[in-house]
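# Inside the fold
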Amino acid sequence: MLKRFDNYCGLMKIAWSGFPWKKTTGKSVASKYSNYQTAGRVNSTLFLLLSLGLPSVVIAQAAPPQTGSPNASSNPAQDSPSTPANQDPLKRPLSDKEKFKQQRELRNELKGPYKKWVDEDVRWIITDQELKAFKSLSNDEERDNFIEQFWRRRNPDPDSPENEYREENYRRIAYANEHFAAGKPGWKTDRGHMYIAYGKPDSIESHPSGGSYERPMEEGGGETSTFPFETWHYRYIEGIGENIDIEFVDTCMCGDYHMTLDRSEKDALLHVPGAGATLGEQMGTSKRTDRFNGGLENLGGGPMASSNQAKQFDRLEQFSKLQAPPVVKFKDLESFLVNHKVLSGPFFPFAVRTDYVKVTEDTVLVPLTLQIRNRDITFNTKDGVAKGQVNVLGRVATITDHVVQTFEQTLEVEEPSELLGKALDQASVHWWALPLKPGRYRVDIAIKDVNNPDHIGTWAQGIVVPKYDDEKLSASSLILADKMEQVPTKQIGTGQFILGNTYVRPRVSSGPLIAVSFHRNQKLNFWMQVYNLAIDDKSKQNAATIQYQIMDMASNKAILDTSETSAALGDNSANSDQLTVRRSVPLASLQPGKYQVTITVNDHVSKQQVAQSAPFTVD
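Residues numbered from 1 in each chain as written. Predicted model: local features only at pLDDT ≥ 70, side-chain atom pairs only at ≥ 80, totals over all residues. Heavy atoms only, no water.

## Overview of the pairing of strand β13 (residues 427–436)
Extensive coverage of β13 is indicated by the burial of 7 of its 10 residues. The sheet contact formed by strand β9 (residues 363–373) and β13 spans 10 bridges and is antiparallel. Bridge assignment links L368 to a residue of β13, and that residue is W432. (Buried < 20%, exposed > 50% of the residue type's maximum accessible area, 1.4 Å probe, protein only. Helix = DSSP H or I, 4+ residues; strand = E, 2+ residues; numbered from the N terminus. Pairing = 2+ DSSP bridges.)

Pasting the structure below:
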């Protein structure tokens, strides 16, 4: 009998060891199916034991508790009425909600190179919306297409087979891994994060060994000893601001520098009584306990304590912005550009002018000149100064809606309160110079009156950026300006309204079919460039004639008709295949009316001609 019982125990041991008690979540379907087969073998074994007459004590351990028996469960929650007590939980049918959750988790689970791309390659530059969209994709083909579009949107030169942004991103990752690793890859560290997201800082204050440190006054003054730390300085970070300082501290002395908000965290003597006193503590004007009164930093009392407290929210905001990928500054205006949201408040009118100036064979400078009447801006007066602010958000997109340029800025107009009445009759002019490739684009601009948030205006227009062929005589836009002057050498090519070595502020009309207007006490300034002049083989010079003509549109008669050669323009114009035409004409002798200026250039070497015209009015 004992021998027979031992045989039964051996069979029971085999049966229970094969039963699928372990959790199978995350296993393959084949693994789960194997468990189901094992469960079938267990049931067969139990049936064999029962048929052989297993003693009741053994059967009681194997059988489930019966209702009403002393061993029955006393917890009703454990005996679900919808699930039979002897049903395998792995075979229980899933509810619709559980099926949907399972499918969603399976779809969002990234593997292989796609997981690496999200977790490492673009971790610090991908936005939350992009990450959510990527995880919602259902197959590798869609993921490959998403990755291609992700880099293309960030490519500064969309038509180039090389993507400078992508190459720079991977170069930064490699640099971070080489220089910032600390028991983990460098791209995972805080210094690696900042380097990948914002590039090399403009300057670094490094204290790799810590040691003696003379605190600046804004940190309390006095001498102390520090942990290793670094302070990275950026002169400007788009979307965050100017003069950004980021401090990293290695409190573990293990090479793992972490970014900190608290400048006192680098103080190794912060919690050592009587050591590393601040200047205020040495003079008796503050106590050491003042350092631990709460707040973002434990700097203690001192001459700069009040200003540090006032800047806590600014430091917290900067810290938050540094952690996030770059975002559009004016999100409220973005909806008007992307979704073409309908305006609900009073329209904020403004005018825009576009011009085209050749830079290289495949790049054209497109100056956008925006004009807002001061009368349409809401001014707030404080301390004798009237101030108006306007947020501007613009974007340039291809015909396939690929955004190639964005710009945003807060424009400010300030006038003494006593002169505001006169200033309302004037207009504010602003300028953005966008480098674009030849082709068709759509330009969208939205503006908002900061002092009157419901006052919003939008502008949209299709433009065709010209292609300047090498063999064809061509010209830039003819710009009629209300102010034009040469600039110092150090300002050439930089700043608003500067084209080459000339400050040119275009006159902007109130509509596409309306001519620009000038007063009789002003000068008519016009600026134009000519490209691809032929050079004579013998003289090694060009041979061009520039003709200036102003027509009275009412009488159709020329009131000005004069010409000059390219050599007369100076600036070595005769030896170049490009020349710049700059002239000013007083308008005092012109009667109020409508006029048109035309500049015609004749190239006597290539026998080509190019002309540009622009209408204007005199009042």
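Additional details are given in the paragraphs that follow.
## Observations regarding empty space enclosed by the protein
As enumerated under the stated definition, the model contains 2 cavities of 30 Å³ or more in all. Size it by volume and the largest cavity reaches roughly 100 Å³. Forming the walls of the largest cavity are 14 residues, and the residues nearest its centre are R215, E219, S264, D267 and L299. Of the residues belonging to the lining of the largest cavity, the class tally is 3 nonpolar, 5 polar and 6 charged. (1 Å grid on protein atoms, 1.4 Å probe; cavity = no way out; pocket = protein on both sides within 12 Å on 5 of 7 lines; lining within 4 Å. Points joined across faces, edges and corners; volume = space filled by probe spheres on them. Nonpolar A, V, L, I, M, F, W, Y, C, P; charged D, E, K, R; others polar.)

## Quick look at the state of the cysteines
Under the definition given, this model contains 1 disulfide. The disulfide partner of C252 is C254, and the S-S distance across this bridge is 1.9 Å. Handedness of the C252-C254 disulfide follows from its S-S torsion of about -60°: it is left-handed. (Disulfide = S-S within 2.5 Å.)

## A few points about the environment of V504
Note that V504 resides in strand β19 (residues 502–506). When the C-alpha atoms of V504 and W527 are compared, they prove to be 7.6 Å apart, with 23 residues separating the residues in sequence. Among all residues touching V504, those that are not within four sequence positions of it are I479, A481, K483, M484, F497 and W527. (Contact = heavy atoms within 4.5 Å.)

## Let's talk about the pairing of strand β12 (residues 403–416)
Where strand β11 (residues 385–398) meets β12, 13 bridges bridge the pair, whose relative direction is antiparallel. Bridging across to β12, R395 finds its partner in T406. Connecting the antiparallel pair β11 and β12 is a turn made up of 4 residues, with D401 showing a positive phi of about 65°.

## Section: the nonpolar core
If you look at the biggest cluster of nonpolar residues, it comprises 45 residues, and the most contacted ones within it are L370, I372, V392, I445 and I447. Examining the composition of this core, we find that 6 residues originate from one element, β9, more than from any other. Formed by 29 residues, the second largest nonpolar core is a distinct cluster that contains A475, V516, V597 and A614. (Core = buried A, V, L, I, M, F, W, Y, C linked by side-chain atoms within 4.5 Å.)

## Here's the deal with the packing of aromatic side chains
Applying the stated criterion to the full structure yields 21 aromatic pairs. Aromatic pair F180 and W232: ring centres 5.8 Å apart, planes at 45°, arrangement tilted. Taken as a pair, F180 in the loop between α8 (164–179) and α9 (190–198) and W232 in strand β4 (residues 229–237) lie far apart in primary sequence, 52 residues in all. When sorted by exposure, F180 lands in the same class as W232, which is buried. Seen in terms of ring centroids, F526 and Y548 are 5.9 Å apart; in terms of plane orientation they differ by 35°. Their pairing is tilted. Taken together, the residues F526 in strand β21 (residues 523–531) and Y548 in strand β22 (residues 544–552) connect sequence positions 22 residues apart. You can call F526 buried: its relative accessible area is 2%. The buried category is assigned to Y548, whose relative accessible area is 6%. The structure contains a cluster of three or more aromatic residues connected by ring pairs, namely W117, F134, F146, F150, W151, Y165 and Y170. The positively charged end of R143 is found above the aromatic ring belonging to Y114, 5.8 Å away from the centroid. (Phe/Tyr/Trp six-rings, centres within 6.5 Å; stacked < 30°, edge-to-face > 60°. Lys NZ or Arg CZ within 6 Å of the ring centre and 35° of its normal.)

## Quick notes on the confidence of the model for the protein chain
With 77% of its residues at a pLDDT of 70 or more, the protein chain shows a mean pLDDT of 80. In the model, residues 11–83 has pLDDT below 50 throughout and makes 43 contacts with residues more than four positions away in sequence or in other chains. (pLDDT = per-residue confidence, 0-100.)

## Re the environment of M194
Within the secondary structure, M194 is located in helix α9. In this structure, the C-alpha to C-alpha distance between M194 and W124, residues 70 residues apart in sequence, is 8.5 Å. Excluding residues within four positions of it along the chain, M194 makes contact with G199, W232, Y234, I246, F248, M259 and L322.

## Examining α8
Over its 16 residues, α8 extends 22 Å from the first C-alpha to the last, a length consistent with the 22 Å expected when each residue adds 1.5 Å. Of the residues making up α8, those classed as buried are N169, R172, I173 and A176. Buried residues of α8 fall within an arc of 100° about the axis and therefore sit on the same side. The exposed set on the far side of α8, more than 90 degrees from its buried face, consists of E164 and E178. For α8, the secondary structure elements touched by its buried residues are α5 (112–121), α7 (140–154) and α9. If you check the start of α8, you find a side-chain oxygen 3.1 Å away from the backbone N of Y165, and it comes from N163. (Expected span 1.5 Å × (residues − 1). Arc of directions from axis to C-beta. Polar contact = N/O pair within 3.5 Å; in protein donor to acceptor, adjacent residues only side chain to side chain.)

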